[in-house]
Amino acid sequence: MDQTGKKFQEKLHRMKPILFILLLPFALTSQTSFGFVLDGSYNIGHNCYITASDTVGQAPSAANVPECFKFNLNDNSDQINQLTDSSFTFTYPGVYFINMNFIVSKSSNDASMDELFIYGVQNRNKIKQSAEKYQIFNDNSISGVYYNKNYFFASRFSASDTLKLKYFTTTADLQFNTTSADAMKPGIPAVYLQIFKISE
């Protein structure tokens, strides 16, 4: 190697720290695109989620009348907004998982089987594969028994889409109940909802 080549390599070696500083912004920019950060193996998207609760309690106005689940408390959210006490909207598109726990009771002890139906509504359209049926039964000697139930489904939403969770019952005797806090435990909401993004 002649002296010219050797001097060039020495200059390049001395310039490495400067080149690193100059090229760092370009490297970071190339790793960030359309709101996603790439770690080399996996797309980490927007951290979209919301939790909402009904801490008051609610009940159907009549049998076989569709109602919206209502939520009076929204304590955690990011990129999913609560528009009203019963509707939510999405900032970013993707596949979202909807999970809801609720406590339901039957006020009468008529020994008949009552049914509760729940389904999702996206932009005023019923969501396919979102419907679920629950059967609530009390015998002749027991009334006011609480049943803890779970409801969930996954669906794709576009930006600015709205979501409502609706239900109807075959009797007006069913109601969604809260459990009060005491010295031993915190209060339990009548309905607790979680929505979070699981895929692009």
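Each residue is numbered by its place in its chain's sequence as written, counting from 1. Owing to the predicted nature of the model, reporting of local features is limited to residues with pLDDT of at least 70; listing and counting of side-chain atom pairs is limited to 80 or more, with chain, interface and lining totals taken over all residues. For the side-chain quantities, the full set of heavy atoms in the structure was used; hydrogens and water were omitted.

Draft legend 1. Just the overall build of the protein chain, in detail. Only DSSP runs of H or I with at least four residues qualify as helices, and only runs of E with at least two residues qualify as strands; both kinds are numbered from the N terminus onward. Helix and strand counts for the protein chain stand at one helix and 16 strands. Counting the 200 residues in the protein chain, one finds 32% classified as buried. Working rule for contacts: check all heavy atoms of both residues, and any pair within 4.5 Å makes them a contact. Restricting to contacts in the protein chain with at least 6 residues of sequence separation, those with at least 24 account for 73%. Accessible surface computed for the protein chain: about 12200 Å², of which carbon and sulfur atoms make up 56%. Burial classification: accessible surface area is computed with a 1.4 Å probe over protein chains only, and a residue below 20% of its type maximum counts as buried, one above 50% as exposed, and the rest as partly exposed. Each accessible area is a Shrake-Rupley result for a 1.4 Å probe, and residues are judged covered by the shown protein chains and nothing else.

Draft legend 2. Expanded view of the nonpolar core. Definition used in this section: a nonpolar core is a set of buried Ala, Val, Leu, Ile, Met, Phe, Trp, Tyr and Cys residues joined via side-chain atoms within 4.5 Å. By size, the foremost hydrophobic cluster in this structure holds 30 residues, and its most contacted members are M100, F102 and I195. It is strand β9 (residues 94-106) that contributes the most residues to this core, five residues altogether. In contact with M100, other than residues within four places in its own chain, are F69, F71, I118, K149, N150, Y151, L165, V191, Y192 and L193.

Draft legend 3. View of the side chain of N177. Residue position: N177 is located in the loop between β15 (174-176) and β16 (191-199). At 2.6 Å, the side chain of N177 forms a polar contact with the side chain of S105. Excluding anything up to four places from it in sequence, N177 contacts I103, V104, S105, Y146, P189 and A190. Under this definition, polar contacts are N or O atom pairs within 3.5 Å; protein pairs additionally need one hydrogen-donor-capable and one acceptor-capable atom, and for neighbouring residues in sequence, both atoms have to be side-chain atoms.

Draft legend 4. Structural context of the pattern of salt bridges. When a carboxyl oxygen of Asp or Glu lies within 4 Å of a side-chain nitrogen of Lys or Arg, that pair is called a salt bridge. The full count for this structure, using the stated rule, is four salt bridges. Between D114 and K106 there is a salt bridge, with its nearest N and O atoms 2.8 Å apart. Of the residues examined, K106 reaches a relative accessible area of 0% and is grouped as buried. Among the ionic pairs, E115 bridges to K133, the shortest N-O distance being 3.6 Å. Linking E115 in strand β10 (residues 113-122) with K133 in strand β12 (residues 132-137), this pair joins segments that are 18 residues apart in sequence. The class for E115 is buried, based on a relative accessible area of 19%. Judged by its relative accessible area of 43%, K133 is partly exposed.

Draft legend 5. Representation of the side chain of K106 in the model. Within the secondary structure, K106 is located in strand β9. Within the structure, the side chain of K106 is placed 2.6 Å from the backbone oxygen of S112, a separation counted as a polar contact. Side chain to side chain, K106 and D114 meet in a polar contact 2.8 Å long.

Draft legend 6. Layout of the packing of aromatic side chains. Stacked, edge-to-face and tilted labels apply to pairs of Phe, Tyr and Trp rings (six-membered ring for Trp) whose centres lie within 6.5 Å, assigned for plane angles under 30 degrees, over 60, and everything in between, in that order. The full count for this structure, using the stated rule, is 14 aromatic pairs. Taking 4.5 Å as the distance between ring centres and 55° as the angle between the ring planes, the aromatic pair formed by F90 and Y96 counts as tilted. We classify F90 as buried; its relative accessible area is 2%. Here Y96 falls in the buried class, since its relative accessible area comes to 0%. Summarising the aromatic geometry, the rings of Y96 and F157 are spaced 6.1 Å apart at their centres and angled 75° between planes, so their arrangement reads as edge-to-face. Here F157 lies in strand β13 (residues 146-157) and Y96 lies in strand β9, a separation of 61 residues in the sequence. What links up through ring pairs into an aromatic cluster is the set F69, F102, Y134, Y167 and F176.

Draft legend 7. How the structure looks around unusual backbone geometry. Not every positive phi belongs to a glycine, and N64 is a case in point at roughly 60°. For N64, the position within the fold is in the loop between β4 (49-54) and β5 (67-68).

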